[in-house]
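# Close look at the chain arrangement
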Amino acid sequence: GLELSHCVGATSLGPAVPWRSGGPCKMKRVRTVFKPEQLERLEQEFLKQQYMVGTERVDLAATLHLTETQVKVWFQNRRIKWRKQSMEQKAAKLSQFGVIQPATADSTDGKDHEEDTVDVEL
């Protein structure tokens, strides 16, 4: 399931740090690259329902030859993208009518916030 890159040894920044206490050195997870067919199916399922849980997620993962965690994380990331697009569309409609939105912590300013993206497998 979990693919890890090679060990990163001690550097000038300090000694190697165990990744999740899994070993003597820091390991970095390799990002999952989905096949176009997998993405198409995942998008189809997302259009039907934004939350995939239980046996549905297990079945979809098996069908697509992915882990359940990969499907779960893909849905989490897709919901974040969906919410961001919805906010941008609302802002565009408001600006079209000359309504200016006050700047808030929730507004999107084109910057990617690290806490917005969930790309971690547990």
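So, how was this worked out
Residues numbered from 1 in each chain as written. Predicted model: local features only at pLDDT ≥ 70, side-chain atom pairs only at ≥ 80, totals over all residues. Heavy atoms only, no water. Helix = DSSP H or I, 4+ residues; strand = E, 2+ residues; numbered from the N terminus. Buried < 20%, exposed > 50% of the residue type's maximum accessible area, 1.4 Å probe, protein only. Contact = heavy atoms within 4.5 Å. Areas by Shrake-Rupley, 256 points an atom, 1.4 Å probe, with all protein chains shown as cover. Salt bridge = Lys/Arg side-chain N within 4 Å of Asp/Glu carboxyl O. Expected span 1.5 Å × (residues − 1). Arc of directions from axis to C-beta. Phe/Tyr/Trp six-rings, centres within 6.5 Å; stacked < 30°, edge-to-face > 60°.

A tally of helices and strands in the chain yields 3 helices and 0 strands. For the chain, the N- to C-terminal ordering of α and β elements is α-α-α. Burial statistics for the chain: of 122 residues in total, 17% are counted as buried. The long-range fraction of contacts in the chain, counting pairs at least 24 apart against all pairs at least 6 apart in sequence, stands at 54%. For the chain, the exposed area adds up to about 9500 Å²; of that, 56% sits on carbon and sulfur atoms.

What follows is about the pattern of salt bridges. Under the counting rule described, the total for this entry stands at 4 salt bridges. The salt bridge partner of Glu43 is Arg78, with a shortest N-O separation of 3.0 Å. With Glu43 in helix α1 (residues 36–48) and Arg78 in helix α3 (residues 68–96), this pair connects stretches of sequence that are 35 residues apart. We classify Arg78 as buried; its relative accessible area is 13%. We note a salt bridge from Glu45 to Lys48, for which the minimum N-O separation is 3.5 Å. A residue pair is termed a helical-turn pair when its members lie 3 or 4 positions apart in one helix, as Glu45 and Lys48 do in helix α1 at 3 residues. Under the relative-accessibility criterion, Glu45 is labelled buried at 11%.

What follows deals with α1. When the terminal C-alpha atoms of α1 are compared, their 19 Å separation across 13 residues agrees well with the 18 Å that a helix rising 1.5 Å per residue should span. Three or more residues of α1 are buried, namely Gln38, Leu42, Glu45 and Phe46. Along the axis of α1, the buried positions cluster into a sector of 105 degrees, meaning they face one direction only. Relative to its buried face, α1 has exposed residues pointing more than 90 degrees away, namely Pro36, Glu37, Glu40, Leu47 and Lys48. Summarising the contacts, the buried residues of α1 are in contact with α2 (54–64) and α3.

Positive phi values are uncommon outside glycine, yet His65 reaches one of about 60 degrees. Assessed through its relative accessible area of 71%, His65 is described here as exposed.

A few words on the packing of aromatic side chains. Working definition: an aromatic ring pair is given by the centre-to-centre distance plus the angle between the planes. Following the criterion strictly, the structure yields 4 aromatic pairs and no others. Summarising the aromatic geometry, the rings of Phe46 and Trp74 are spaced 6.3 Å apart at their centres and angled 85 degrees between planes, so their arrangement reads as edge-to-face. With Phe46 in helix α1 and Trp74 in helix α3, the pair connects residues that are 28 residues apart, well separated along the chain. Here Phe46 matches Trp74 in class, with each residue buried. Between the aromatic rings of Phe46 and Trp82, the centroid separation amounts to 6.0 Å while the plane-to-plane angle is 80 degrees, which identifies the pairing as edge-to-face. Of this pair, Phe46 sits in helix α1 while Trp82 sits in helix α3, and the two are 36 residues apart along the sequence. On the accessibility criterion, Trp82 (38% relative accessible area) is partly exposed. Pairwise contacts between aromatic rings join Phe46, Trp74, Phe75 and Trp82 into one cluster.

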